[in-house]
Amino acid sequence: MTAAGILSDLRIVEASAFVAAPLGGMTLAQMGAEVIRIDDIRGAPDIARWPVTADGTSLFWAGLNKGKRSVALDLRSDAGREIATALATAPGPGAGLLLTNLPPRGWLDGDALRAIRPDLIQLVVQGDRHGGSAVDYTINPRTGLPFLTGTGAAPVNHVLPAWDLVTGQMAALGLLAAERHRTRTGRGQQVTLALEDVALAVMGHLGFIAQAEAGGEREAAGNDLYGAFGRDFATSDGGRIMVVGLTGRQWSALLAATGLADDMAALSDRLDLDLTQEGNRYRARDAIADLIAPWFAMHTTDAAAAALERARAAYGRYRTVAEMVADDPACSLANPLFAMVDQPGIGPSLAPGLPLRFGGSGDLPPAPAPRPGADTAAVLADVLGMSDAAYGALAARGIVPRDG
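Everything in this summary refers to the structure shown in the same document. Keep in mind it's a predicted model, so treat the numbers as computed, not measured.

### What to know about empty space enclosed by the protein
- Counted by the stated rule, this structure contains 1 cavity of 30 Å³ or more.
- Taken together, 10 residues line the largest cavity, and the ones lying closest to its centre are Gln 30, Leu 354, Leu 356, Asp 363 and Leu 364.
- Here the lining of the largest cavity is composed, by residue class, of 6 nonpolar, 2 polar and 2 charged.

### Details of the nonpolar core
- Ranked by size, the top nonpolar core spans 27 residues in total, and within it Ile 38, Leu 73, Ile 83, Leu 87, Trp 107 and Val 400 carry the most contacts.
- Of all elements in the fold, only strand S1 (11-15), strand S2 (34-40), strand S3 (69-73), helix H3 (78-88), helix H15 (376-384) and helix H16 (388-396) reach the threshold of two or more residues within this core.
- Dropping the residues within four chain positions of it, Ile 83 is found in contact with Leu 73, Leu 380, Leu 384, Met 386, Leu 394 and Ile 399.
- Residues Trp 251, Ala 284, Ala 289 and Phe 296 belong to the second largest nonpolar core, which totals 25 residues.

### Structural notes on the packing of aromatic side chains
- Evaluated as defined, the whole model comprises 5 aromatic pairs.
- Look at Phe 229 and Trp 251: their rings are 6.1 Å apart centre to centre, the planes differ by 70°, and that puts the pair in the edge-to-face class. In this pair, Phe 229 sits in strand S7 (residues 229-234) while Trp 251 sits in helix H9 (residues 248-258), placing the two residues 22 residues apart along the sequence.
- Assessed through its relative accessible area of 0%, Phe 229 is described here as buried.
- The class of Trp 251 is buried, set by a relative accessible area of 5%.
- The structure contains a cluster of three or more aromatic residues connected by ring pairs, namely Phe 229, Phe 233, Trp 251, Trp 295 and Phe 296.

### Description of helix H5 (residues 136-143)
- Within H5, the full set of buried residues consists of Asp 136, Ile 139, Asn 140 and Thr 143. Considered in projection along H5, the buried side chains sweep an arc of 100° and stay on one side of the axis.
- The inward-facing, buried residues of H5 abut helix H6 (162-185) and helix H7 (195-205).

### Side note on the layout of surface pockets
- The calculated volume of the largest pocket comes to roughly 1,100 Å³.
- If you trace the largest pocket, you find 39 residues lining it, with Leu 59, Phe 60, Gly 63, Leu 64 and Lys 66 closest to the centre.
- Breaking the lining of the largest pocket down by element, the ones donating at least two residues are helix H1 (20-29), helix H2 (59-64), H5, H6, strand S10 (338-343) and strand S11 (347-352).
- Among the elements that line the lining of the largest pocket, the one with the most residues is H2, at 5 residues.
- Quantified by volume, the second largest pocket comes out at close to 570 Å³.
- Along the walls of the second largest pocket sit 22 residues, with Leu 145, Leu 148, Thr 149, Phe 208 and Arg 218 positioned nearest its centre.
- Those elements that place two or more of their residues in the lining of the second largest pocket are H5, H6 and H7.
- Of the residues belonging to the lining of the second largest pocket, the class tally is 12 nonpolar, 6 polar and 4 charged.

### Focus on unusual backbone geometry
- Pro 51 follows Trp 50 through a cis peptide bond whose omega is 5°.
- With respect to the helices and strands, Pro 51 occurs in the loop between S2 and H2.
- A positive phi angle is found at Asp 272, which is not glycine, with a value near 55°.
- Phi angles above zero are rare outside glycine, and Arg 312 is one such case at about 60°.
- Tracing the backbone shows Arg 312 in the loop between helix H13 (301-310) and strand S9 (314-317).
- Its relative accessible area of 67% is what places Arg 312 among the exposed residues.

### A look at the sheet that holds S9
- With respect to topology, 3 strands assemble into an open sheet ordered S7-S8-S9, the strand pairing being antiparallel. Looking at which strands have only one partner, the edges of the open sheet turn out to be S7 and S9. Looking at each pair of strands side by side, their axes are set apart by 20° on average, direction ignored.
- The pairing of S7 with strand S8 (residues 240-245) spans 6 bridges and is classified as antiparallel. Looking at the pairing, Ala 234 lines up with Arg 240 of S8.
- On top of the sheet, H9 reaches S7, S8 and S9; it is set at about 135° to S8, its chief contact.

### Here's the deal with the pattern of salt bridges
- Within the structure shown, the criterion is met by 23 salt bridges.
- Across the salt bridge formed by Arg 42 and Asp 40, the nearest N and O atoms sit 2.8 Å from each other.
- On the accessibility criterion, Arg 42 (45% relative accessible area) is partly exposed.
- Its salt-bridge partner being Arg 69, residue Asp 382 comes within 2.9 Å of it at the nearest N-O pair. Of this pair, Asp 382 sits in helix H15 while Arg 69 is found in strand S3, placing the two residues 313 residues apart along the sequence.
- If you follow the salt bridges from partner to partner, you end up with Glu 14, Arg 37, Asp 39, Asp 46, Arg 49 and Lys 68 in one network.

### Observations regarding the environment of Ala 201
- Tracing the chain through its elements places Ala 201 in helix H7.
- The class of Ala 201 is partly exposed, set by a relative accessible area of 31%.
- Sequence-wise, Ala 201 and Ile 346 are 145 residues apart; in three dimensions their C-alpha atoms are separated by 38 Å.

### A look at the pairing of S7
- Of all 6 residues making up S7, 5 are buried, and the element is well covered by its neighbours.
- Between the end of S7 and the start of S8, which pair antiparallel, lie 5 residues, with Gly 238 showing a positive phi angle near 90°.

### Describing the packing of H1 against H6
- Where H1 meets H6, the axes come as close as 7 Å, and the angle between the chain directions of the two elements is 50°. Accordingly, the angle class assigned to the pair H1 and H6 is oblique. Considering how the two elements wind past one another, H1 and H6 form a crossing that is right-handed. Of the residues in H6, those touching H1 at Ala 20, Leu 23, Gly 24, Thr 27 and Leu 28 are Asp 164, Leu 165, Thr 167, Gly 168, Gln 169, Ala 172, Leu 175 and Leu 176.
- For the contact of H1 with H6, the class distribution of residues is 7 nonpolar, 5 polar and 1 charged.

Rules used in this analysis
- Residues numbered from 1 in each chain as written.
- Predicted model: local features only at pLDDT ≥ 70, side-chain atom pairs only at ≥ 80, totals over all residues.
- Heavy atoms only, no water.
- 1 Å grid on protein atoms, 1.4 Å probe; cavity = no way out; pocket = protein on both sides within 12 Å on 5 of 7 lines; lining within 4 Å.
- Points joined across faces, edges and corners; volume = space filled by probe spheres on them.
- Nonpolar A, V, L, I, M, F, W, Y, C, P; charged D, E, K, R; others polar.
- Core = buried A, V, L, I, M, F, W, Y, C linked by side-chain atoms within 4.5 Å.
- Buried < 20%, exposed > 50% of the residue type's maximum accessible area, 1.4 Å probe, protein only.
- Helix = DSSP H or I, 4+ residues; strand = E, 2+ residues; numbered from the N terminus.
- Contact = heavy atoms within 4.5 Å.
- Phe/Tyr/Trp six-rings, centres within 6.5 Å; stacked < 30°, edge-to-face > 60°.
- Arc of directions from axis to C-beta.
- Pairing = 2+ DSSP bridges.
- Axes fitted to C-alpha atoms, helices over the stretch in contact; angles between N-to-C directions.
- Salt bridge = Lys/Arg side-chain N within 4 Å of Asp/Glu carboxyl O.
- Parallel < 35°, antiparallel > 145°, perpendicular 65-115°, else oblique.
- Left-handed = near helix turned anticlockwise from the far one by under 90°.

Here it is as C-alpha cells:
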C-alpha cells in the first residue's frame, strides 16, 4: 500500500517567490498535502534563481518546490485570473487554503476571495508588519547579529537565510493552526506573518533583547560558543575540528578524549574558577584552549575524531559542502531522509524528504519539483472539472500552456 501522507486530505494553493513561502508550501507537500503552485505563464519568479546548473536550470527551484503541482496561467488576463480565483476558492473541506508572499491584491485579494468562499484561509508572508518589502539580507543587519558574527572587525552576514527558514516553517504551522480552527468553528481568516517580526521574536526568545535592555552587549566571539566552552582546533594534517563542552557530560567527555582532566583541574585551582560551571568555562576559554590545542596539533583529523567518538564527545569536523556530499554517510542513501529523484531538467539527484518521522501514518519519499506549468491541464481537470476541449480553447488563446 502506498503511503498517502499525514496531510493527504488538504489542498493548498501557493503563489510565491523567494524562500519562506515556497518552503512553507513544500513542507506541507512533503506531509502529503496537495500543493498547487500558481505562476504566470510568462515565467515563475524563481525559475532562473541561483544556484543553477551549467545550462542554467535552477537548483533553487528544484530544491524548494519538491512534491508540488505547477499551474501556469496568463495572470494578466481576466480569464487567467478567474481560473486562479476558482482554484483558490474551490469547494471541499480540505481546500480553501492559500499561501502567498506576493501583494494580496488582484486575484490574491483576501476580501474578494472570501466573498466567494467565506471560510477561506489566506496566509500572507510579509517583509514587515506594514506590508513593506524586506528579505533576510535586509532584516539581519537590523538585528545586530552581523556585528556578533566573526571577530567583530566588520559586520558579517550569515550565508544561511535563518529568518526565511524560520518563517517558512511558521507559515506551514500557521496554516495548519488556522485550518484546525476552521474545522472546529467553520470560520476562515486571513493570517499575516512578517519576516521582521519572526526575527525580532527570535532575538527576544534567545535573550538578546533582554541583555541589551539590561545594559549589556554580547561581544563578537568568533567560533567560540557563547556562555560555555566551544572552539575549533587545527589538527596535525591541516584539518579542523569544532568541539563543544556545553553540558557537564560533554565537558567530561572532552576531557576524557584528550586526557586533560588533571591539567584542567589544576587550571581550575590556579584561576579559582569552578570549571564544572559552563559560564566559567566561557570566562576561561582562552586558557582552556591553550591546554587543548597541543593535543589536536599532535593528532591527525581522523585520529582526533576517533578519540572524540570513543569518548562520545560533542564535535564536528569542518568540511566543504562537496566533501560532505562525497564523504558523509548521513548525506547519502544510507540515511532514509534521502532518495534519488529524477528531477526534470537536471536528471537523477539526491533529494531530502521530510525530516519528521510519523510512526503511525505514511512517511512520503521525496518527490521531484515539477516543470513550471506541467500540471496545468491535470489540475484544471481534477479541481475544476475542465474538459479537454475547454482546455484546448484556453491554450489557443494563450491563457494556459499548450503542453500543460
